[in-house]
Each structure stands twice: as structure tokens, then as C-alpha cells.
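Fold and contact review
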Amino acid sequence: MLRFPCHIRNNQRLHLLRRLSLFSSNSAFMVSKHLLKTSPSSFTLLPLTLSPKHLSTPSKRLIPCLSSKPIYKNRSLSLRSNGFSSLTYLNVSAPAPAPVYSEDLEERPLDLHSLEILKHKLKKLGIDISECVPGHENRLMCPSCNGGDSEEISLSIFISQDGCSASWLCFRAKCGWKGYTKAFADGKSSFESFSRINKVKVKRQVTVESLQLEPLCNQLISYFAERMISAETLKRNAVMQKRTCNEIAIAFTYWRKKDLVNCKYRDIDKKFWQEKDTETIFYGLNDIDDASDIIIVEGEMDKLAMEEAGFRNCVSVPDGAPPSVSQKEVPAEEQDTKYQYLWNCKEYLNKASRIILATDGDLPGQALAEELARRLGRERCWRVRWPKKNDVDYFKDANEVLMYLGPSVLKDVIEDAELYPIRGLFNFRDFFDEIDKYYHRTLGYEFGVSTGWRALDDLYNVVPGELTIVTGVPNSGKSEWIDSLLCNLNQSVGWKFALCSMENKVRDHARKLLEKYVRRPFFEARCENDSLPSIKWVLDLARAAVLRHGVRGLVIDPYNELDHQRPVNQTETEYVSQMLTMIKRFAQHHSCHVWFVAHPRQLHHWIGAPPNLYDISGSAHFINKCDNGIVVHRNRDPEAGPVDQVQVCVRKVRNKVVGTIGDAFLSYDRVTGVYMDIDEPQKKR
């Protein structure tokens, strides 16, 4: 029986049906299949929503249709009105004439060929529309969630009046499955749009009898005994066997409550396969019902091994491990096919506050642990560290530990599980070795590297990975002082440097460095085109210099000569903060010290004193974000002191181990550009 409403132009039948409609204002009837075959051109369907004209004309109502087969009240589906017509069925057993709608409805003939194709497509999704009415909202059992525990009829499906398309939605909050498909598109089957629909197959129901499972034979019980799995554990977990021709395979049965959901097989060659078209769930799912602590392993043998160590609150994944961690975002539930078992068991997992990931110790096992943690939440995950097998190798999984080290060691491994790492969240115990080396000064550069000037040893030392901001009024010797510092570091510890100096030509800068290095006068590479370098350009080249030449220091001189293109909606303060963050990340990642020269803003009432770090033009972030802040100041007044005396003002030191705030004074040789301690005699030129 196909149940479709139809429209008949015969006025006599229309009169009869209107009289029959007095039985119930909300009755629906069906038409027998042979009526459809006799006059297919006379059918029309009710639209999904009534037009304003219909709403404003109460007399033009839907006229119910009759069925040649009784429809009982217990199949009535009362729906909330949301643009749909909500009808109940009337118990009428007598044959009836063809149904009819009010005459003002637009005629849209039913395309039976399209409807059959649509029916075939929907059946592949688990939706049977054999008893659905085109042009109406219909309710069915949802093939995705099966109506939940209450078996609610929750799938709402609407088939267009012409039978060419269908859309559906499951109203259960925990499901929400929805989709849309058409019979044809532009005269051709719409395979492309159809393939994008979440294909839900009807889950196959299996039983022990239908799968022809049987108890384990003595040979297989002995096989498990060799792996330290007892017969009692096998019985409790309903491990069985299945005969195929002349071979016997181990059958791991998957249960939810008292229902057999799936079965996974393992033959003597360790080949695995599962029953087709069954639901994927955890192995041992019943053992974690209402459990606050859950252990997840990678195989059924590991789940059985955990029970031998005293842990029943353990489940195994059904499909093994991926080769590597996916670089994509975690897909939506309906698209997460590889890990669908997690979503199918989420009601069990949501109750757990602690989940121990005891996957295999190889790379796929680690990838599986990461994929599980991504979906379950790293904050409630823990991980195990399998013990060492020898000086090089580690035990691979729970069953291997049980076989070679025994249940007590396996129990200790689980009880010693550690928090799953979360990026940016650390535990001090993970750094004990590094802290110990730091205390004994065996890491190198714990107290920084001396600048080469005794006057600065107590104030400022150079530490790899830090950022030092250097400022001072124009012509105070900032760049000259940094060049001299680089020469000192090169001579004392052999550091190499990358220089981005926009205010010097390459040959002039080379002359200055050579004069400082050999301490003799020189008489006689930097962005060399006309464009200004950006900070990204500088850091990219510096990164190449670190990898190719092993440089340990970078000089950017000065800030105002860089290309500072920024979005129109970004302030200079925001730009400077972002730029300094990039520089600090570069320094820390490559263990490279960065000196960044920044000029102070114009000082209108300057009286000759050293400027403050907050006087730097652009933003207070220069002092807020740097590790060290230095002001280089040169005396210009002969009456105030020697004009060759340079004052180095250390105004910020983040790491108190390597320095402190204070002033140091150096003498400057204008001929060679060398800076020296004041009490240091000048070398003969």
C-alpha cells in the first residue's frame, strides 16, 4: 500500500468527501495503490506551509482522505506546529473514494519515477519512506540514534509534493541528524550532493546464535594461559570462538548492557576482522558503566591483561591506532568516522573524571593517545610510561608487561600514570635535571657572559635568548658601544653576530668593527636596495644566519629605520608590542641575544642628563617587554667632566642573577672607537 494524498476533480466525490470530513476535523486517510495507477495525472500535494491566502480564508481547509486499509490511533503522531500540518489518523476500515484537497490549491503532479529513486536513496540511509505522505511532515524512527533509550519517534522528514526531494531532522538534542537529498539535479542523478549527506546505515543486529559462536576450546584456553590470561577472565569477558571451514578464530564479543553489538575476530596469524554493518563501541563497555576512573588500551588482549592486574574499569578501542596524528582540526561528530566509537559511548565517557591512556608505546600508539586526548579533553587525561626492556627498548603494551614482569608491575605502571601534557602547563618535576644543572652551573652561561668591561660586570652580562633595548640621545655612541661589545664577546667566547644597521654603509661599518677589533685606526652585508627592511625580513635573514653560520647575537639598529607598515586599525603601541614579541620569540627559540637600538623622542627641555627608557619614541612596551634596558650617554660639557667619558646606565635587568640596576663609566678612544675601563691603559697604536 502506497499512501499518498491525491486530488480528484470529480465534484460528486468531492461532495462525498466533504460529508465524510465531519467525522473528525483532524483526520487523515490514505488511498490504495491501484488508485494511483489509474489516474496519476490527477494527483496534487499539499505544500509544506500554507500561504497567507489559506491562513486568511478559514473555509478553505484541508479535506481528509480515506484509506482502504485501517490506520490505528496508536500510530498517530502529534506534532508541534512549526509551519507543518499536524494530523491524526481515524480508524476507518471501509474502502473509500480517492481523497481530495480544497480546490484552490495549486496542482503539482506527483512524479512516481522520481519518488522511486528518492525512496531508493533514502533507504540506503536507513530511512524507509514507504508509508510517508509527500507534502506533509512525517515522523519515523531515526536510524542514527534509534530514538535513544526511550526509542522516541524523533526523525521529522518532509518529502516535496512532486516526490523529487526530501529533507529531514532528528529532534533529539543528543542526535540532531539532518540532511537533504534530491532524486535528480538538472535532469541527472544528484550523486554529488547525495555523497555529502551523512550516510547512516541501518545497524545490523547480531546474536551469539546468529554468528554461530561457541565456547573456547582447550587449545585456545592454553593459548591465553601462555599470555597470563586466566580462564576465569575469558569467561567473564565472554571470549568465544568461531569455526570457519577448518580454522578456528578467537571471537571478542562487544556488549552494551545485555545486547551483543559487535564481534571482532583474530586468527592464528594475528589477522583481525569485524562483523560488517554493526555499531562500533569500546570492547568491555559494560565495565566502565558509572566509573569515575577509566583505562583505555589499544587491544582486546591488553584489556584482558588489565583485568589480571586488578583493573576491570578498562576498555579497548575497536579499530587499533592511526599511523600518525592528524594535522586537521577534530571533525564534527557525524564526520568523525574513525573515532565514531567515542561518540557512540559518550554517555559512559562523560561520567569519567580521570581517563588513563594506556595505548601502545610505539609511534602509532602515541598518535592514538593524542587523538583520544584531543577528543576527550587533555585536562582529564593521564598517560602511562611502559617500563624498560633493556638499555634501549621499552615494553610495548599491557599484555607484554604482564607476560614478562607480572601483574604487580603492571599495576604499578597504571598507578604511576602521569598527567597528560598540556601545552603551556608544566610540572617542576619534569625539569629537575635542568634545575640541578643550573644550580651546579653546568648548563653554560647561567650567569651570562661578561661584556669585557669590569665596570659593567656587576651590572650587566649577556645571556643567550634575551632582548636588550639600548637608547640614548643622538650622537651619544649607542651604535659604537654595541659594536665594541660585539668585538669583546667575539674575542672572549667566540660568538658570531648578524648585524642589521640601517644607518651605516657596509664598508663604513666594517671599518669601525676592524678598528675596534685590532685597536688601530683604519684608513684607507644589510638591505642594500632602496627599500626599508621590515622586522620580518630581518628575522628571516637572522634565522638563516643562525642555521648557516651559528650566530649567537643579532643587532637591529635602529628601530626608526625599519619599515613599519601596520594595519590602519592598529595603533603604534599595539604594533610595537607585537614586534617585540616576535623578536623575543626568535631570541628564545634560537638562543640568540638581540640588541635593539631605539632612539628617544624629541627632548624639548633636555638639559644634558641621560634620557629615561620611557623616553623612547613609539611605546612604553620598549621597556615593559625587554629583558634588559640600557642608556648610553656621552658627556658633551668639558666643565662637567672628560668629554671622552661614556656613561652606561643599566636601567632594567629582569634576571637578577646576571646583573642589577646601576651606572658604569667607560673611556672612549675616538681614533679607534674602542671603549675601555677608565683605569685601563691604552694600548700602543
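The sections below set out a description of the structure shown in this document. Note that this is a predicted model, so its numbers are computed, not measured.

**Considering the overall build of the chain**
Helix and strand counts for the chain come out as 20 helices and 25 strands. Just so you have it, the chain exposes about 37,400 Å², and 50% of that area is on carbon and sulfur atoms.

**Focus: helix H11 (residues 363-376)**
Taking 1.5 Å of rise per residue, 14 residues should cover 20 Å, and H11 covers 20 Å from first to last C-alpha, within 8% of that figure. With 10 of its 14 residues buried, H11 lies for the most part within the structure. The complete set of buried residues in H11 reads Gly365, Ala367, Leu368, Ala369, Glu370, Glu371, Leu372, Ala373, Arg375 and Leu376. Its buried side turned inward, H11 meets strand S13 (293-297), helix H9 (340-344), helix H10 (346-349), strand S15 (354-358) and strand S16 (381-383). At the N-terminal boundary of H11, the capping side chain belongs to Asp362, with an oxygen 2.8 Å from the backbone nitrogen of Gly365.

**Section: the sheet that holds strand S14 (residues 314-316)**
In spatial order, the strands read S14-S13-S15-S16-S17; together these five strands make up an open sheet with mixed pairing. The open sheet has two edge strands with one neighbour each: S14 and strand S17 (418-419). Across five bridges, S13 lies against S15 in parallel orientation. Within the sheet, the bridge partner assigned to Val297 lies in S15 and is Ala358. Those strands touched by H11 are S13, S15 and S16, and its axis lies near 165° from that of S15.

**Thoughts on the nonpolar core**
Counting residues in each nonpolar core, the largest one holds 58 residues, and the members touching the most others are Phe224, Phe282, Ile296 and Met306. Here the element with the most residues in this core is H11; it accounts for five residues. With 33 residues, the next largest nonpolar core counts Tyr559, Met579, Leu580 and Cys626 among its residues.

**Details of the packing of aromatic side chains**
For any pair of aromatic rings, the description consists of the separation of the ring centres together with the inter-plane angle of the planes. On inspection of all chains with the given rule, the structure shows 17 aromatic pairs. Taken together, the ring pairs connect Tyr223, Phe224, Phe252, Tyr254 and Tyr283 into an aromatic cluster. Taking NZ or CZ as reference, Arg354 lies 4.3 Å from the ring centre of Trp382, over its face. The ring centre of Tyr668 lies 4.8 Å from the NZ or CZ of Arg634, which sits over that ring.

**Brief notes about the sheet that holds strand S19 (residues 497-501)**
Strand order in the open sheet formed by eight strands is S19-S20-S21-S18-S22-S23-S24-S25, with mixed pairing between adjacent strands. Both outer strands of the open sheet, S19 and strand S25 (674-677), are each paired with one neighbouring strand and no more. Averaged over all adjacent pairs, the angle separating strand axes in this sheet is 25°, with direction ignored. On the sheet, helix H16 (residues 478-493) packs against strand S18 (467-471), S19, strand S20 (553-557), strand S21 (593-597), strand S22 (628-634), strand S23 (645-653), strand S24 (662-669) and S25 and is oriented at approximately 165° with respect to S21. On the sheet, helix H18 (residues 535-549) packs against S19 and S20 and is oriented at approximately 155° with respect to S20.

What counts and what doesn't
Starting afresh in each chain, residues are numbered from 1 along the sequence in its written order. Two thresholds apply to this predicted model, a pLDDT of at least 70 for residue-level local features and 80 or more for giving and counting side-chain atom pairs, whereas whole-chain, interface and lining totals are computed over all residues. The basis for the side-chain values is all heavy atoms of the structure; hydrogens and waters are excluded. Strands here mean DSSP runs of E at least two residues long; helices mean DSSP runs of H or I at least four residues long; both are numbered from the N terminus. With residues, only the protein chains shown are counted as cover, and all accessible areas are computed by Shrake-Rupley using a 1.4 Å probe. Here a helix's expected span is defined as the number of its residues, less one, multiplied by 1.5 Å. The buried label applies to any residue whose accessible area, calculated with a 1.4 Å probe on protein chains only, is under 20% of its type's maximum; exposed applies above 50%, and partly exposed to all values in between. Contacts are assigned to residue pairs that have any heavy atoms within 4.5 Å of one another. Polar contact is defined as a pair of N or O atoms within 3.5 Å, subject to the rule that within protein one atom must be able to donate a hydrogen and the other to accept it, and that residues adjacent in sequence are counted only when both atoms are side-chain atoms. Only strands joined by at least two bridges in the DSSP assignment are considered to pair. Axes, fitted as lines to C-alpha atoms, cover a helix only where it is in contact. Angles between the N-to-C directions of the axes lie from 0 to 180 degrees. Working definition of a nonpolar core: buried Ala, Val, Leu, Ile, Met, Phe, Trp, Tyr and Cys residues. They are joined through side-chain atoms within 4.5 Å. Each pair of aromatic rings taken from Phe, Tyr and Trp, with Trp reduced to its six-membered ring, is defined by centres within 6.5 Å and is described as stacked if the planes are under 30 degrees apart, edge-to-face if over 60, and tilted in the remaining cases. For a ring to carry a charge above it, either NZ of a lysine or CZ of an arginine must fall within 6 Å of the ring centroid while also lying within 35 degrees of the normal to the ring plane.

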